[in-house]
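# Observations on chain architecture
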Amino acid sequence: MELIRVENITKTYRVGEIEFPVLKGVSFSIQRGEMVAIVGSSGSGKSTLMNSLGCLDRPTSGEYWLDGREVGQLDRTQRALVRVAKLGFVFQNFNLLARTTAVNNVLMPLDYAPDHPGFALAHRRAVELLTRVGLNDRLGYVPSKMSGGQQQRVAIARSLINHPQVLLADEPTGNLDSKTGVEILRMFQELNAEGITIILVTHDPSVTACAHRMIRLEDGLVVEDVRNERQRILFSGHEPVGIGSPLSTASSDTGGDGHPVALAVPLRTKPREAAARRTSVTPAAILDVPAPRRLTRVAHWFPAPFRTAIGAVRRNKMRSALTTLGVVIGVAAVVAMVEISQGSRNSLMQTMATMGAHTLMVQSGAATSGGVNFGFGSEKTLTPGDADSIIRDCPAVQTAAPMVYTQGQVVRGNRNWVPMNIYGTSPPYLEVRDWTTLREGEMFTSRDVRSANKVCVIGETIARELFDDQSPLGQDLRIKNVSFRVVGVLSRKGANMMGVDQDDVILAPWTTIKYRISSTNAATDAAAATGSSGGKNKEVNTLSELYPEATSRYPAPSSTQAANTPQPVRFTNVDRIMVKARSAEIVEQAIAQITALLRDRHRIRDETDDDFNIRNNAEMMKAMGSMSSMMGTLLLIVALISLVVGGVGI
Ligand code: ADP
Ligand code: MG
């Protein structure tokens, strides 16, 4: 009966643009139970033909009928099913799984079978097959501890686990010495005698002599197809298993019916039936081999591939641990890096906030006189009322503080110092600057501002320069000869982005600075203009100008003159208003609100320009933002590299 028929099979390999025709139209048919040797010089296409016959590969064209079914053009999955159901393979270099015991190597093909017979039964079957090939004392051996012949026998046992109808062997004795080769060949003959069709590729004429038939392939074509009338039989008589052969363990229990034990328990029988049969035919040697316990326990719960995977992990403990470690480190690195970049971005944002990322500076406008522009701040248009109103009426504003600047020498006892900044301001200033923690004492109050009290809060540099280790609290210092009591010392802030020491500062109520120090208040301005009582004001301010009255170079205007040139209504002005928006995102909103409010308060008509100017740190924000996101990306890339190295590299 015909089992295999190939018609005009071709196979062409394509390497880049070039095509290599390897099989150029091969046709033959093989009967069930035949033993066929395929011979030919190296490179003639034998392995290619075997791969096509074994459904490992698809012929380029032609038909391949296996057991009455065309299988040449099946897809990958269908071919795998055909292989599992009908074919067994033996290779020249055994292709056993390293670090896997003989039993498990034999069991391996079952993991791909659609219906696994159940672990206990399969294990018994594997043991039987190994016993059959004479390896019942090597069940737990791994391939590296077995000789080539033994490995090939394991491979044969493996090829038989699925009850193949056809056994394909590609130079099965090529790697073996001649004596072992004969043993393997005898095994093939025995299997053939049991009805398994065998196709083997060989170079060896003595192997060919053992086959029924020889097909010679030359350059991709069948050039010879002859029947071997005088087949050399290697086992004794027609009894499949000879006494004294390596298979004698199995043969002693065949019960005289000529069928070897291995096939007495077909894999796909119901377990109970199998058990019944087993008790009658199983040799004692097989019963001595216990199934591995751990595996049987999990066998019921997990599908075969999963079990195989667990087995593989267990066999390669170190490698699995290292790989896991690598992946764990990689993932941890990714998580850590993302977190770190997030954290650093947050802290950067915080730093920026302390440097005034969402603070705004409202300056008075630029005065122009005779075509000469004096720059922002030269026109005095901002009032402390503006600051109060900004706090009250702009929802996007958290708080605001008016600012008055002055410069000058500060003296205490026999020491003196010129601070970088002397600011007149109001208590919200500290909030605007995110500087609410004081080292000692307290901020002056709004009451101090109202009554222009001579109190001040000093920065650390001032404290160090003027007070050394003493506590400055309650002590007096003189700013431009006006005595101030120190009520608080600011905590350390360090240098700002421009490298300016921010601790070199004195804060005092803006009214005090305005009226008692800087002397450019409305009263003096007006007084200087009218010439009345101006000297008296100056008298307060400075001891270095001891005789202010004496330096008056102009005669005071008469009352008529004064009446003819009325003075403009003056108000108390401040140099700047520092504003803090509620958050960095709504800085733009805050600017819009302040602009609207101040235009309204200053009664500016629509067509006229603002008489003030608002600056923010948008550029700084942008730069910082892009810097931090760049940092984040960089860290992420580093983390991903470590993940790849950890996960794939190892
Ligand atoms: P052999 O008869 O010695 O077993 P093969 O069937 O293995 O020869 O190979 C036949 C020819 O096909 C060789 O020339 C080989 O180089 C070529 N060949 C085999 N497999 C491939 C492949 N996958 N891609 C390209 N060429 C191949
Ligand atoms: Mg080959």
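Look a little higher up for the structure.
As a starting point, this report considers the structure included with it. (Residues numbered from 1 in each chain as written. Chains lettered and ligands numbered in written order. Predicted model: local features only at pLDDT ≥ 70, side-chain atom pairs only at ≥ 80, totals over all residues. Heavy atoms only, no water.)

## Examining the sheet that holds strand β9 (residues 213-218)
Taken together, the six strands give an open sheet; going across it, the order is β6-β7-β8-β3-β9-β10, and neighbouring strands pair in mixed fashion. Across the chains shown, the open sheet's two edge strands, defined by having one partner strand only, are β6 (87-90) and β10 (221-227). Neighbouring strand axes in the sheet, compared pairwise and without regard to direction, differ in orientation by 15° on average. In this structure, β9 lies alongside β10, joined through six bridges in antiparallel fashion. Paired with Leu-217 across the strands is Val-222, a residue of β10. Strands in contact with helix α2 (residues 76-86) are β6 and β7 (166-170); relative to β6, the strand with the most contacts, it is inclined by about 85°. Set on the sheet, helix α6 (residues 178-193) makes contact with β3 (35-39), β6, β7 and β8 (197-201); between it and β8 the angle comes to about 150°. (Pairing = 2+ DSSP bridges. Helix = DSSP H or I, 4+ residues; strand = E, 2+ residues; numbered from the N terminus. Axes fitted to C-alpha atoms, helices over the stretch in contact; angles between N-to-C directions. Contact = heavy atoms within 4.5 Å.)

## Remarks on helix α18 (residues 510-518)
Counting buried residues in α18 gives seven out of nine residues, a clear majority hidden from the surface. Among the residues of α18, Trp-510, Thr-511, Thr-512, Ile-513, Lys-514, Ile-517 and Ser-518 are the ones counted as buried. (Buried < 20%, exposed > 50% of the residue type's maximum accessible area, 1.4 Å probe, protein only.)

## Overview of the packing of aromatic side chains
Enumeration according to the criterion identifies four aromatic pairs in this entry. Relative to Phe-91, the ring of Phe-89 has its centre 5.9 Å away and its plane inclined at 10°; by these criteria the two rings are stacked. Of the residues examined, Phe-91 reaches a relative accessible area of 24% and is grouped as partly exposed. For the pair Trp-510 and Tyr-515, a centre-to-centre distance of 6.4 Å together with 50° between the ring planes defines the contact as tilted. Classification of Trp-510 by relative accessible area gives buried; the value is 9%. Three or more aromatic residues link up through ring pairs in this structure, and these residues are Tyr-405, Tyr-423 and Tyr-429. (Phe/Tyr/Trp six-rings, centres within 6.5 Å; stacked < 30°, edge-to-face > 60°.)

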